[in-house]
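Geometric and topological summary
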Amino acid sequence: MKKIGIFYSFNTTKTGQAVKMLSEALGKENVETVNAETVNKDQVLSYDNMIFGVPTWFDGELPNYWDEFVPELEDMNLKGKKMAIFGNGDQKNYPENFVDGIGIMADLLESRGAEIVGLTSAEGYHFESSRALRGDKFAGLALDFENQPRQNKERIGKWAEQLQKEFL
């Protein structure tokens, strides 16, 4: 398997916890982590298989560090790149925009030619709407550290198995 680049903010506690579990599930020798707060175009383009950690902030917004990198992403040709996205959300307190960050990022990456992999079922979540929905699936892995923390390890493990097949 080719190296997988995992892009996330090194300053995020919950996303960092998810990355640790994901790295262990994928095999640490198969992944390299890149700080989303200092990422550049060359780093993104150096991987064929990528995972973006994109939590949803406030009322369905991208975190500032991803927002700042969006103009550079908009200029990239990502054809031939396989990209997976996971994100943290809060389905109880923000049910009208649960994990919108996943959907915002998926739309952007797809518009640049990337193939989004790692879609997961929306079953078992309770929310009103989400920009991450593609039919009955999320455009990535939805995590809820506030309301369903006990399910994270199992969800991440299953997702890692799925990605190992889809990243081939």
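Now for a look at the structure at hand. (Residues numbered from 1 in each chain as written. Predicted model: local features only at pLDDT ≥ 70, side-chain atom pairs only at ≥ 80, totals over all residues. Heavy atoms only, no water.)

Spatial ordering of the open sheet is given by S6-S8-S7, a layout of three strands whose pairing is antiparallel. A single partner strand is all that each edge strand has here, and the edge strands are strand S6 (120-121) and strand S7 (133-134). For S6 and strand S8 (residues 137-138), the ladder comprises two bridges, and the chain directions are antiparallel. By the bridge assignment, Thr120 is partnered in S8 with Phe138. (Pairing = 2+ DSSP bridges. Helix = DSSP H or I, 4+ residues; strand = E, 2+ residues; numbered from the N terminus.)

Further remarks concern a negative patch on the surface. Negative charge collects at one region of the surface, where Glu37, Asp59, Glu61, Asp67, Glu68, Glu96 and Glu128 lie side by side. Judged by relative accessible area, Glu128 falls into the exposed class, the value being 63%. (Patch = residues over 30% accessible without salt bridge, like charges linked within 9 Å, V, L, I, M, F, W, Y side chains within 5 Å. Areas by Shrake-Rupley, 256 points an atom, 1.4 Å probe, with all protein chains shown as cover. Salt bridge = Lys/Arg side-chain N within 4 Å of Asp/Glu carboxyl O. Lys, Arg positive; Asp, Glu negative; His and termini not counted. Charge placed at Lys NZ, Arg CZ, Asp CG, Glu CD. Buried < 20%, exposed > 50% of the residue type's maximum accessible area, 1.4 Å probe, protein only.)

Right, let's get into the side chain of Asn30. Of note, Asn30 is situated in the loop between helix H1 (13-26) and strand S2 (31-35). Among all residues touching Asn30, those that are not within four sequence positions of it are Lys2, Lys3 and Ile4. (Contact = heavy atoms within 4.5 Å.)

Of note, Arg112 is situated in the loop between helix H4 (100-111) and strand S5 (115-116). Judged by its relative accessible area of 27%, Arg112 is partly exposed. Linking Arg112 and Leu133, residues 21 residues apart in sequence, is a C-alpha distance of 19 Å. Here Glu74 takes part through its backbone oxygen, which lies 3.0 Å from a polar atom of the side chain of Arg112. Polar side-chain contacts of Arg112 include one of 2.9 Å to the backbone oxygen of Met76. (Polar contact = N/O pair within 3.5 Å; in protein donor to acceptor, adjacent residues only side chain to side chain.)

Any functional reading would require information beyond the geometric quantities listed.
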